[in-house]
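# Topology and contacts: notes
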Amino acid sequence: MAKFNKDSFGGTIAVVVAVSLLCSVIVAGAAVGLKPLQTEQKLIDKQRNILSVAGLMQADTDIPKVYAERIEPRVVDLASGDYVDGVENFDARAAAKDPAQSIRISPEDDKAGIQTRAKYAEVYLVKDGQGEVSQIVLPMHGSGLWSVMYGFVSVQPDGNTINGITYYDQGETAGLGGEIANPLWQKNFVGKKLYNDQGDVAIRVGKGASANAEHGVDGLSGATMTTKGVQGSFDYWFSQNGFGPYLAKIKAGE
């Protein structure tokens, strides 16, 4: 039998193929083995952001425990504003890509620049120590200058007063549009009203908007397009095309 010559061209190719196959097996095994941990970490990160916007996060907070005790997730049909039962592990991002679970937004209504959205949305009822709903956390997203910006808005039980906002996933310019993730800027939204007396979306984000003490928040300096994206997100998600029907029922005590 001919001796295998690893220094030959054929031998070199054989060694490269063998090493590549071994590496592929190792990487694939690691990916499969780490997937449960990655899934768990992704869930905890989501819970952290919800607790944060609800003002329930401290340095030593046991996130899964506090989330289980204080947060009740529910799924809402955005068209009717009614809760939907029997929907498990709802993923709005995945649903928005499925024609059967999403709607196409008309250009004139698409203030957030997202083109499609899921028919349903997951909302999070925040309970106080007596088990009463003290605030409601709503997801929203919209296009900025460079990215789709994902955040949460916490609203008081009156369905109108903002308790807080957070942006947890965005790719805007660091030091400019990326400042939407700065807690100091986010605090400017606390206590602002989403709607005017006629029920129209009245929150305004932009240059000099804070002159309107009830509804206005100054935009980010040097980040005009990002600021417009934030405004567009509020305009869409709190209109009749978004959470408007749901919040109307909250206001009515339903």
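Below, the structure is looked at part by part. Not measured: the values here are computed from a predicted model.

### A few points about the pairing of strand S1 (residues 71–77)
Summarising the sheet, S1 and strand S5 (residues 120–127) pair through seven bridges and their orientation is antiparallel. From the neighbouring strand, Val 76 faces S5, where its bridge partner is Ala 121. In this sheet, strand S2 (residues 83–84) lies alongside S1 in antiparallel orientation, the contact comprising two bridges. Considered in S2, the bridge of Val 76 is made with Tyr 83.

### Considering a nonpolar patch on the surface
A cluster of nonpolar side chains, Ile 13, Val 17 and Leu 21, forms an exposed patch at the surface whose accessible area comes to about 260 Å². Inspection of the secondary structure puts Leu 21 in helix H1 (residues 9–53). Note on Leu 21: relative accessible area 53%, which makes it exposed.

### Quick notes on the sheet that holds S5
One open sheet holds the six strands; their spatial order is S2-S1-S5-S6-S7-S8, and the pairing between them is antiparallel. One side of each edge strand has no neighbouring strand; the edge strands of this open sheet are S2 and strand S8 (162–169). Helix H6 (residues 244–251) rests against S1, S2, S5 and strand S6 (133–143) of the sheet, and its axis sits at about 165 degrees to S6.

### Some thoughts on the packing of aromatic side chains
Within the structure shown, the criterion is met by ten aromatic pairs. For the pair Tyr 236 and Trp 237, a centre-to-centre distance of 5.3 Å together with 90 degrees between the ring planes defines the contact as edge-to-face. Members of the aromatic cluster, connected to one another through ring pairs, are Trp 185, Phe 189, Phe 234, Tyr 236, Trp 237, Phe 238 and Phe 243. For Arg 74, the ring lying beneath its charged end belongs to Tyr 83, and the centroid distance is 4.1 Å. Just above the ring of Tyr 150 sits the side chain of Arg 93; from NZ or CZ to the centre is 3.5 Å.

About the thresholds
Residues numbered from 1 in each chain as written. Predicted model: local features only at pLDDT ≥ 70, side-chain atom pairs only at ≥ 80, totals over all residues. Heavy atoms only, no water. Pairing = 2+ DSSP bridges. Helix = DSSP H or I, 4+ residues; strand = E, 2+ residues; numbered from the N terminus. Patch = residues over 30% accessible without salt bridge, like charges linked within 9 Å, V, L, I, M, F, W, Y side chains within 5 Å. Areas by Shrake-Rupley, 256 points an atom, 1.4 Å probe, with all protein chains shown as cover. Salt bridge = Lys/Arg side-chain N within 4 Å of Asp/Glu carboxyl O. Buried < 20%, exposed > 50% of the residue type's maximum accessible area, 1.4 Å probe, protein only. Contact = heavy atoms within 4.5 Å. Axes fitted to C-alpha atoms, helices over the stretch in contact; angles between N-to-C directions. Phe/Tyr/Trp six-rings, centres within 6.5 Å; stacked < 30°, edge-to-face > 60°. Lys NZ or Arg CZ within 6 Å of the ring centre and 35° of its normal.

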